[in-house]
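Residue-level structure breakdown
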Amino acid sequence: MIPSILPTYNRAPLSFVKGEGSWLIEADGRRFLDLGAGIAVNALGHAHPDLVAALTEQAGKLWHTSNLYHIPAQQELADRLVAATFADTVFFTNSGTEACELAVKMARKFFHDAGQPERTDIIAFEGAFHGRSSAGIAAAGSEKMTRGFGPLLPGFKHLPWGDHDALHAAIDAHTAAILIEPVQGEGGIRPLPDQCLKGLRDLCDERGILLILDEVQCGMGRTGRLFAHEWAGIAPDIMMVAKGIGGGFPLGEVLATERAASGMGPGTHGSTYGGNPLACAVGCAVMAHVADPDFLAGVNRKAGLMRQRLEGLVAAHPGVFEEVRGLGLMLGLKCRVPNAEVVRAGHEALLVTVPAADNVIRLLPPLTITEAEIAEALSRLDAAATALETA
Ligand SMILES: *Cc1c(COP(=O)(O)O)cnc(C)c1O
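These numbers come from a predicted model, not from an experiment. Each chain has its residues counted from 1, running along the sequence as written. This being a predicted model, a pLDDT of at least 70 is required before a residue's local features are given, and a value of 80 or more before pairs of side-chain atoms are given or counted; all residues contribute to the totals for chains, interfaces and linings. Only hydrogens and water are removed before side-chain values are computed, so all heavy atoms of the structure are retained for them.

1. Remarks on the overall build of the chain
A tally of helices and strands in the chain yields twelve helices and 17 strands. Our radius of gyration is a C-alpha quantity, and the globule rule it is checked against amounts to 2.2 Å times the number of residues to the power 0.38. The globule rule puts the C-alpha radius of gyration for 391 residues at 21 Å, and the 21 Å found for the chain is close to it. In terms of its C-alpha atoms, the chain occupies a principal-axis envelope of roughly 65 × 55 × 50 Å. Each residue's exposure class comes from its accessible area (1.4 Å probe, protein chains only) as a fraction of the maximum for that residue type: buried when under 20%, exposed when over 50%, partly exposed otherwise. Within the chain, buried positions represent 53% of all 391 residues. Residues count as neighbours in contact if any of their non-hydrogen atoms are within 4.5 Å of one another. Sequence-distant contacts, at least 24 apart, represent 71% of the contacts inside the chain between residues at least 6 apart. Accessible surface for the chain amounts to roughly 17000 Å². Of this, 56% is attributable to carbon and sulfur atoms. We score Asp and Glu as negative and Lys and Arg as positive, and we do not count His or the chain ends. Working definition for charges: the position is that of NZ of Lys, CZ of Arg, CG of Asp or CD of Glu. Here the chain carries 32 positive and 44 negative side-chain charges, and the mean point of each set is 3 Å from the other. Secondary structure counts use DSSP, requiring at least four H or I residues in a row for a helix and at least two E residues in a row for a strand, with both numbered from the N terminus. Here the accessible surface of atoms and residues is derived via Shrake-Rupley with a 1.4 Å probe, and residues count as covered only by protein chains that are part of the display.

2. Some points on helix α4 (residues 96-113)
Under the 1.5 Å per step criterion, the end-to-end length of α4 is 26 Å for 18 residues, consistent within 8% with the ideal 26 Å. Buried within α4 we find Gly-96, Ala-99, Cys-100, Leu-102, Ala-103, Val-104, Met-106, Ala-107, Phe-110 and Phe-111. Two or three places before Thr-97, at the opening of α4, Ser-95 has a side-chain oxygen 3.5 Å from that residue's backbone nitrogen. Expected helix span is given by 1.5 Å per residue-to-residue step, counting one fewer step than there are residues. Pairs of N or O atoms within 3.5 Å make up the polar contacts considered here, provided that, within protein, one atom can donate a hydrogen while the other can accept it, and that residues adjacent in sequence are counted only when both atoms are side-chain atoms.

3. Structural notes on the environment of Ala-124
Within the secondary structure, Ala-124 sits in strand β5 (residues 121-125). A C-alpha to C-alpha distance of 8.8 Å links Ala-124 and Ala-177, two positions 53 residues apart in sequence. Beyond its immediate sequence surroundings of up to four residues, Ala-124 is in contact with Ala-139, Lys-157, His-158, Leu-159 and Leu-179.

4. Some remarks on the packing of aromatic side chains
How two aromatic rings sit relative to each other is given by the distance of their centres and the angle of their planes. Under the pairing criterion, centres of Phe, Tyr and Trp rings, with the six-membered ring standing for Trp, must be within 6.5 Å; the plane angle then separates stacked pairs below 30 degrees from edge-to-face pairs above 60, leaving the rest tilted. Applying the stated rule across the entire model yields three aromatic pairs. Ring centres of Phe-110 and Phe-111 lie 4.9 Å apart, and the angle between their planes is 85°; on these two criteria the pair is classed as edge-to-face. The same class applies to Phe-110 and to Phe-111, which are both buried. Considering the side-chain rings of Phe-125 and Trp-161, the 6.5 Å spacing of their centres and the 85° angle between planes classify their relative orientation as edge-to-face.

5. Observations concerning the sheet that holds strand β12 (residues 252-256)
If you trace the seven strands from one edge of the open sheet to the other, you get β4-β12-β11-β10-β7-β5-β6, paired in mixed fashion. A strand with exactly one partner marks an edge of an open sheet, and here the two such strands are β4 (89-93) and β6 (156-159). Across this sheet, the average inter-strand angle for adjacent strands is 20°, counted without regard to direction. A pair of strands counts as paired when DSSP detects no fewer than two bridges linking them. One ladder, built from three bridges, connects β5 with strand β7 (residues 175-180); its direction is parallel. Paired with Ile-123 across the two strands is Ile-178, which belongs to β7. To define axes, lines are fitted to C-alpha atoms, for helices over the stretch in contact only, and angles between the resulting N-to-C directions are given on a 0 to 180 degree scale.

6. Let's talk about the site of the ligand
Definition of nearness: a residue and a molecule or strand are near each other if at least one heavy atom of the residue lies within 4 Å of the molecule or strand. Every residue close to the ligand is listed here: Ser-95, Gly-96, Thr-97, Phe-129, His-130, Gly-131, Glu-181, Asp-214, Val-216, Gln-217 and Lys-243. One of the side-chain nitrogen or oxygen atoms of Thr-97 is found 2.5 Å away from an oxygen atom of the ligand. Here an oxygen atom of the ligand sits 2.6 Å away from a polar atom, N or O, in the side chain of Lys-243. Burial of the ligand by the protein amounts to 84% of the accessible area it has alone, namely 380 Å². The classification used treats Ala, Val, Leu, Ile, Met, Phe, Trp, Tyr, Cys and Pro as nonpolar, Asp, Glu, Lys and Arg as charged, and all other residues, Gly among them, as polar. Each residue belonging to the shell around the ligand can be placed in one class, and the counts come to two nonpolar, six polar and three charged.

7. Observations regarding the sheet that holds strand β15 (residues 351-352)
Spatially, β1-β2-β3-β15 is the arrangement adopted by the four strands of the open sheet, whose pairing is mixed. One side of each edge strand has no neighbouring strand; the edge strands of this open sheet are β1 (16-20) and β15. The pairing of strand β2 (residues 23-26) with strand β3 (residues 31-34) spans three bridges and is classified as antiparallel. When the bridges of β3 are listed, Ile-25 appears paired with Arg-31. With respect to the sheet, helix α12 (residues 371-390) is in contact with β2, β3 and β15, its orientation differing from that of β3 by roughly 105°.

8. Brief notes about the pattern of salt bridges
Counted as salt bridges are all cases of a side-chain nitrogen of Lys or Arg within 4 Å of a carboxyl oxygen of Asp or Glu. In total, this model carries 21 salt bridges according to the counting rule given. Its salt-bridge partner being Glu-26, residue Arg-30 comes within 3.1 Å of it at the nearest N-O pair. In this structure Arg-30 comes out as partly exposed when scored by relative accessible area, which is 35%. When salt bridges that share partners are traced, they join Glu-323, Arg-325, Lys-334 and Asp-358 into one network.

9. Considering the domain arrangement of the chain
For every domain, the bounds stem from an assignment made automatically or drawn from a database. Partitioning the chain into domains gives domain 1 (16-34 + 293-390) and domain 2 (50-290). In this structure, domain 1 and domain 2 have C-alpha centres spaced 27 Å apart. At the junction of the two partners, domain 1 supplies 21 residues and domain 2 supplies 21 residues. Where domain 1 packs against domain 2, one counts one salt bridge.

10. Considerations on helix α8 (residues 194-207)
Between its first and last C-alpha, α8 extends 20 Å over 14 residues, near the 20 Å set by a 1.5 Å rise per residue. Those residues of α8 that fall on the buried side of the exposure criterion are Leu-197, Leu-200, Arg-201, Leu-203 and Cys-204. In a view along the axis of α8, the buried residues occupy a sector of 165°, so they form one face of it. Facing away from the buried surface of α8 by more than 90 degrees, the exposed residues are Gln-195 and Glu-206. In this structure, the buried residues of α8 make contact with α7 (164-170), β7 and β10 (210-214). Of the residues flanking the end of α8, it is Gly-208, one or two places downstream, whose phi is positive at about 65°. When we speak of the arc, we mean the arc of directions from the helix axis to the C-beta atoms.

11. Some points on the nonpolar core
In this description, a nonpolar core means a group of buried Ala, Val, Leu, Ile, Met, Phe, Trp, Tyr and Cys residues linked to one another through side-chain atoms lying within 4.5 Å. Counting residues in hydrophobic clusters, the biggest one holds 77 residues, and the most contacted among them are Leu-77, Ile-178, Met-220, Leu-310, Phe-321, Leu-333 and Leu-363. Residue-level mapping places this core at the junction of two domains, with at least three residues from each of domain 1 (16-34 + 293-390) and domain 2 (50-290). Contact partners of Met-220, with chain neighbours within four places excluded, come to Leu-226, Phe-227, Val-241, Gly-244, Ile-245, Val-286, Met-287, Val-290 and Leu-367. Core analysis: the second largest hydrophobic core is formed by 26 residues, Ala-139, Ala-176, Leu-210 and Ile-238 among them.

See below:
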């Protein structure tokens, strides 16, 4: 009999009823150290007092009005994002998937209005993840996500990760944009080298196409800069954001330059909930922390410590781990045993990690994790690895 919850997830046998900072707590009181952060969502950890205050204060005033009216918190969040990034304008969504939908629509509309309506194709990459909508799965293109869901939205080309020749050859008179994650998340924590991101920017400029970055997972301070592309000193034309921006409240957005967004006038796109007062009140509170240079300096310091300790862990357990990868506090451990077993051994050691493709486990702690908690996480990872070795 089908369960009352559509069984699209293989869930771990864990159920949390409370969160405190970097900790998740089960009904029986067991405390798990959280290196998953709800898949890079709880950027400020669980139940951060500023987020609780922002949400409850707004909840007592006004929940929802729709985008038929002005929303002060939405205006404030848009202004904060525009001030802190390359973007001139922002559209708010409820999720990363919806941000992907708009990014694709915006790129196509740009060329439509520019008198090049034949430019509709988006070039994306193997191992990518852009969400589970029809555009999202067509953009990622993997067999695992698309099988049985055809006909797929047309207009996507998929190239191997890091194949420059294939990329140059793939751009033609039908290309509208290149879509890429600066650090692949679901694909196994694969950072794109700065040189490659710069090269992509140059290539897009030379060929007159748009660069769309998916920073849904790697953005919002995760890599130690507000957005990951800042490491390469470049800017996209369009960027998708979600996950960390809401700190756990569903919120996403598309950021764009004035030029890239020029086709998106009244009536061209919409969302009933996108950017509602509750979401934006929380988003402003998240931005107030994460966009602060001192906060980002702290992320970098902790990331350096964590990376160094993880290198030691890999050296101590060469039969379990192959390498550390990633950027900032978006880290991955490539495993030599099935990653699901490592995740499970972590649970036994009261530690939460998240599996990814390429036999990697992801370590995506709250950006507010302390140095003492990093040390504790490493000792729990060590215990998990030791348990796997002696099993
Ligand atoms: C999670 C994710 C998405 C999809 O976001 P949802 O909020 O789950 O719709 C898109 N792109 C990337 C890179 C992601 O990590």
